[in-house]
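# Structural description and commentary
Below, each chain spelled out in residue letters.
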Amino acid sequence: MRSIRCEGPLTSLHRLLPAITWGYAMVDIVDSFTLGNDFLMHGTMLGAVMGTVCELGVPHTITPMLIMEVSTIPLNLTGATFLPQIAILVAQLMFAVLFFIIRILLVPLLWARWVKTFYEEEAIEKDNVCFPHWFIYVVLVFGVLFHSLNFYWFRKVVRKIKRKLVGEEKMTDGKME
């Protein structure tokens, strides 16, 4: 919440990580040509968010949300051909659990807390010079869109788990589409 109080980034990483993530968004967009529309949707949304905060000079406002990328680590492991099947299964389970805890529970809570703090601080200090007056609308729109996207993907993850549990797919199939 430091950023709302005009305290700036805590570390240099708070400025750097969103720019790196912006580049990752471009990779997703390029990958979408071979991997499908989900990558295009993710890359476009991620690029819009990171591009906006980087160009406004407030990348540190989004850095706490980058905890979402932790769930990507086991997701990437599910496609590793060098791992034994049990490790692939464990990675799939870790991905589903981390996705739920981080993207469905924690990040919406962080976002709601940010919005609440923004409004509380604005009520105290009407001339908040840290952000343009319209920045809260950007936060609200991007938040709703990203949370919707995460719920959409979580629904796909749950369907995938159901297919595996009823035997429509092999448990050891590493693809998490």
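Everything discussed here concerns the structure shown above.
A short tour of the structure in this document, coming up.

How each quantity is defined
Residues numbered from 1 in each chain as written. Predicted model: local features only at pLDDT ≥ 70, side-chain atom pairs only at ≥ 80, totals over all residues. Heavy atoms only, no water. Helix = DSSP H or I, 4+ residues; strand = E, 2+ residues; numbered from the N terminus. Buried < 20%, exposed > 50% of the residue type's maximum accessible area, 1.4 Å probe, protein only. Contact = heavy atoms within 4.5 Å. Areas by Shrake-Rupley, 256 points an atom, 1.4 Å probe, with all protein chains shown as cover. Phe/Tyr/Trp six-rings, centres within 6.5 Å; stacked < 30°, edge-to-face > 60°. Expected span 1.5 Å × (residues − 1). Axes fitted to C-alpha atoms, helices over the stretch in contact; angles between N-to-C directions. Parallel < 35°, antiparallel > 145°, perpendicular 65-115°, else oblique. Left-handed = near helix turned anticlockwise from the far one by under 90°.

On to the overall build of the protein chain. On a plain count of helices and strands, the protein chain comes out with 5 helices and 0 strands. Ordered by position in the sequence, the α and β elements of the protein chain form the string α-α-α-α-α. Residue burial in the protein chain is summarised as follows: out of 177 residues, 38% are buried. Sequence-distant contacts in the protein chain: of pairs separated by 6 or more residues, those separated by 24 or more amount to 68%. Accessible surface, the protein chain: about 10300 Å² in total, of which carbon and sulfur atoms supply 69%.

Let us now look at the packing of aromatic side chains. Under the counting rule described, the total for this entry stands at 6 aromatic pairs. Aromatic pair phenylalanine 95 and phenylalanine 99: ring centres 5.6 Å apart, planes at 65°, arrangement edge-to-face. Of this pair, phenylalanine 95 and phenylalanine 99 both sit in helix H4 (residues 85-124), 4 residues apart, which is roughly one turn of the helix. Taking 5.5 Å as the distance between ring centres and 15° as the angle between the ring planes, the aromatic pair formed by tryptophan 114 and phenylalanine 118 counts as stacked. Here tryptophan 114 pairs with phenylalanine 118, and both are found in helix H4, just 4 residues apart, close to one helical turn. By the burial criterion, tryptophan 114 is buried, and phenylalanine 118 matches it. Ring pairs connect the aromatic residues Phe95, Phe99, Phe100 and Phe154, which therefore count as one cluster.

Given a rise of 1.5 Å per residue, 19 residues ought to cover 27 Å, and the 26 Å separating the end C-alpha atoms of helix H2 (residues 37-55) matches this to within 8%. Along H2, the residues classified as buried are His42, Gly43, Met45, Leu46, Gly47, Val49, Met50, Gly51 and Val53. Of the surrounding secondary structure, the elements contacted by the buried residues of H2 are helix H1 (13-35) and helix H5 (135-165). Phi turns positive, to about 80°, at glycine 57, one or two residues after H2.

Describing two packed helices takes the angle between their axes plus the distance from one axis to the other. Across the interface, H1 lies against H2 with an axial gap of 8 Å and an inter-helix angle of 155°. Of the possible angle classes, the one that applies to H1 and H2 is roughly antiparallel. Once H1 is placed against H2, the crossing between them reads as left-handed. Residues Pro18, Ala19, Thr21, Trp22, Tyr24, Ala25, Met26, Asp28, Ile29, Asp31, Ser32 and Leu35 of H1 form the contact with H2, whose own contacting residues are Phe39, Leu40, His42, Gly43, Thr44, Leu46, Gly47, Met50, Gly51, Cys54 and Glu55.

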